[in-house]
Amino acid sequence: MPPRVYIPVTVHDESERPRSPRGLGAVVRAGLISEDDGPPEWREKIFACWWYRWSSFAYCVAGGLLVIRPDPMYRHARPCCFLFPFRSMGALIFLNGLLSYMADTHTFGRPSAWRAADSYVATFNTLLQFVLVVLQLIGPMSFPRDMVTVFTASLLIAIGCKRRAVAAFKRRDRDAYLVWHALWHVVLPAGAVAGQLLLEP
């Protein structure tokens, strides 16, 4: 008699196994961005709130200042980090302001490539700010203490605002979302501008 062959009645799909979040998925899990495009019915209120619409351009102010006035930053990055791309970082922050407006205002509530672009650039820019703080703490950079205090405080407060904005978005609290998301747009650029102005030209 030939040997019996047992055929499994279920097939385990490897794709169903939980995986560690990567890319924007990790940022979603951290509570720093939302997973959907937002309720289309919020668009009327968003366009009525001038302070929310224009908050995105705070990044353009901070980035533009760094593009036209990078020398004080380079001076405090010497001798170890003189190749740090401050001017390029400023240009990317300026671009982030434009992407933020397109994603968070112009195309809010609709599927859009602007949202993904804004999320990737904003995540990269925010990580760069943490890199600056770490380089200051471990020694290669030598920024004044008052500048570092202002900038680091604004960075941490901005992250807190962003998490609150995402939480409000998830529970569909429109008014809270607009306030916290606008603060996320403004607090970090304001701290960056204040920090740059504290440096001697």
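The shown structure was predicted, so the numbers you read here are calculated from the model rather than taken from an experiment.

Chemist: Looking at this structure, how should I read the overall build of the protein?
Modeler: Helix and strand counts for the protein come out as 9 helices and 0 strands. Scanning the protein from its N terminus toward the C terminus, one meets helices and strands in the order α-α-α-α-α-α-α-α-α. Per-residue burial over the protein gives 46% buried out of 201 residues. Taking as baseline every contact in the protein between residues at least 6 positions apart, the subset at least 24 positions apart corresponds to 77%. When the accessible area of the protein is evaluated, it comes to approximately 11,900 Å², of which 64% is carbon and sulfur surface.

Chemist: I would appreciate a short explanation of the nonpolar core in the present structure.
Modeler: Soluble, globular proteins show a tendency: their nonpolar side chains are buried together. Counting 31 residues, the largest nonpolar core has Met73, Phe84, Phe86, Met89, Met141 and Phe143 as the members making the most contacts within it. The leading source of residues in this core is helix H8 (residues 145-170), at 7 residues. Phe84 has contacts with Tyr74, Met89, Leu128, Val131, Leu132, Leu135 and Met141, leaving out every residue within four places of it along the chain. Ala165, Ala168, Phe169 and Tyr177 belong to the second largest nonpolar core, which has 12 residues in total.

Chemist: Sorry, what's going on with the pattern of salt bridges here?
Modeler: Side-chain pairs of opposite charge can arise whenever the charged atoms involved come near each other. What the rule picks out here adds up to 2 salt bridges. Here Arg171 and Asp173 are joined by a salt bridge, their closest N and O atoms 3.6 Å apart. In this structure, Arg174 and Asp175 form a salt bridge, with 3.2 Å as the shortest nitrogen-oxygen distance. Relative accessible area serves as the criterion here: at 42%, Asp175 is assigned to the partly exposed category.

Chemist: Would you take a moment to explain a nonpolar patch on the surface for this structure?
Modeler: Taken together, Trp50, Trp51, Trp54, Val179 and Leu183 make up a surface patch of nonpolar side chains, about 550 Å² in accessible area. When contributions to the nonpolar patch are tallied by element, the ones reaching two or more residues are helix H3 (50-55) and helix H9 (174-198). With 3 residues, H3 is the single largest residue contributor to the nonpolar patch. Summarising the element assignment, Trp51 is placed in helix H3.

Chemist: Would you mind going over unusual backbone geometry with me for this structure?
Modeler: Glycine aside, the phi torsion of most residues is negative, and most peptide linkages are trans. Of note, Arg172 is a non-glycine position whose phi angle comes to about 60°, a positive value. Judged by relative accessible area, which is 40%, Arg172 ranks as partly exposed.

Chemist: What exactly am I supposed to notice about the confidence of the model for the protein here?
Modeler: Low pLDDT means the predicted coordinates in that region are not meant to be read closely. For the protein, per-residue confidence averages 85 on the pLDDT scale, and 83% of positions sit at 70 or higher. Confidence scores differ between elements of the protein, with helix H1 (residues 24-29) showing the lowest mean pLDDT of 46 and helix H4 (residues 58-68) the highest of 97. Every residue in residues 6-31 is under pLDDT 50, and counting partners more than four places away or in other chains gives 17 contacts.

Chemist: Would you take a moment to explain the packing of H4 against helix H6 (residues 86-106) for this structure?
Modeler: Helix-helix packing is characterised by the crossing angle of the two axes and by the distance between the axes. Where H4 meets H6, the closest approach of the two axes is 7 Å, and the angle between their N-to-C directions is 160°. One finds that H4 runs roughly antiparallel with respect to H6. Judged by the sense of rotation from one axis to the other, the crossing of H4 with H6 is left-handed. The segment H4 lies against H6, with Tyr59, Cys60, Gly63, Gly64, Leu66 and Val67 engaging Phe86, Arg87, Met89, Gly90, Ala91, Ile93, Phe94, Gly97 and Leu98. Of the residues in the contact of H4 with H6, the class split is 10 nonpolar, 4 polar and 1 charged.

Chemist: Would you explain the packing of aromatic side chains in this entry?
Modeler: The description of an aromatic ring pair rests on the distance of the ring centres and on the angle between the ring planes. Taken as a whole and assessed by the stated rule, the structure comprises 11 aromatic pairs. Arranged with centres 5.7 Å apart and planes meeting at 40°, the rings of Trp42 and Tyr177 form a pair that is tilted. Here Trp42, found in the loop between H1 and helix H2 (43-48), pairs with Tyr177, found in helix H9; they are 135 residues apart in sequence, far enough to count as distant. Its relative accessible area of 6% is what places Trp42 among the buried residues.

Chemist: Mind showing me how you'd approach the side chain of His185 here?
Modeler: Within the element layout of this structure, His185 appears in helix H9. Exposure remark for His185: the relative accessible area of 1% places this residue in the buried category. Of note is the side chain of His185, whose polar atom sits 2.8 Å from the side chain of Ser55.

Rules used in this analysis
Residues numbered from 1 in each chain as written. Predicted model: local features only at pLDDT ≥ 70, side-chain atom pairs only at ≥ 80, totals over all residues. Heavy atoms only, no water. Helix = DSSP H or I, 4+ residues; strand = E, 2+ residues; numbered from the N terminus. Buried < 20%, exposed > 50% of the residue type's maximum accessible area, 1.4 Å probe, protein only. Contact = heavy atoms within 4.5 Å. Areas by Shrake-Rupley, 256 points an atom, 1.4 Å probe, with all protein chains shown as cover. Core = buried A, V, L, I, M, F, W, Y, C linked by side-chain atoms within 4.5 Å. Salt bridge = Lys/Arg side-chain N within 4 Å of Asp/Glu carboxyl O. Patch = residues over 30% accessible without salt bridge, like charges linked within 9 Å, V, L, I, M, F, W, Y side chains within 5 Å. pLDDT = per-residue confidence, 0-100. Axes fitted to C-alpha atoms, helices over the stretch in contact; angles between N-to-C directions. Parallel < 35°, antiparallel > 145°, perpendicular 65-115°, else oblique. Left-handed = near helix turned anticlockwise from the far one by under 90°. Nonpolar A, V, L, I, M, F, W, Y, C, P; charged D, E, K, R; others polar. Phe/Tyr/Trp six-rings, centres within 6.5 Å; stacked < 30°, edge-to-face > 60°. Polar contact = N/O pair within 3.5 Å; in protein donor to acceptor, adjacent residues only side chain to side chain.

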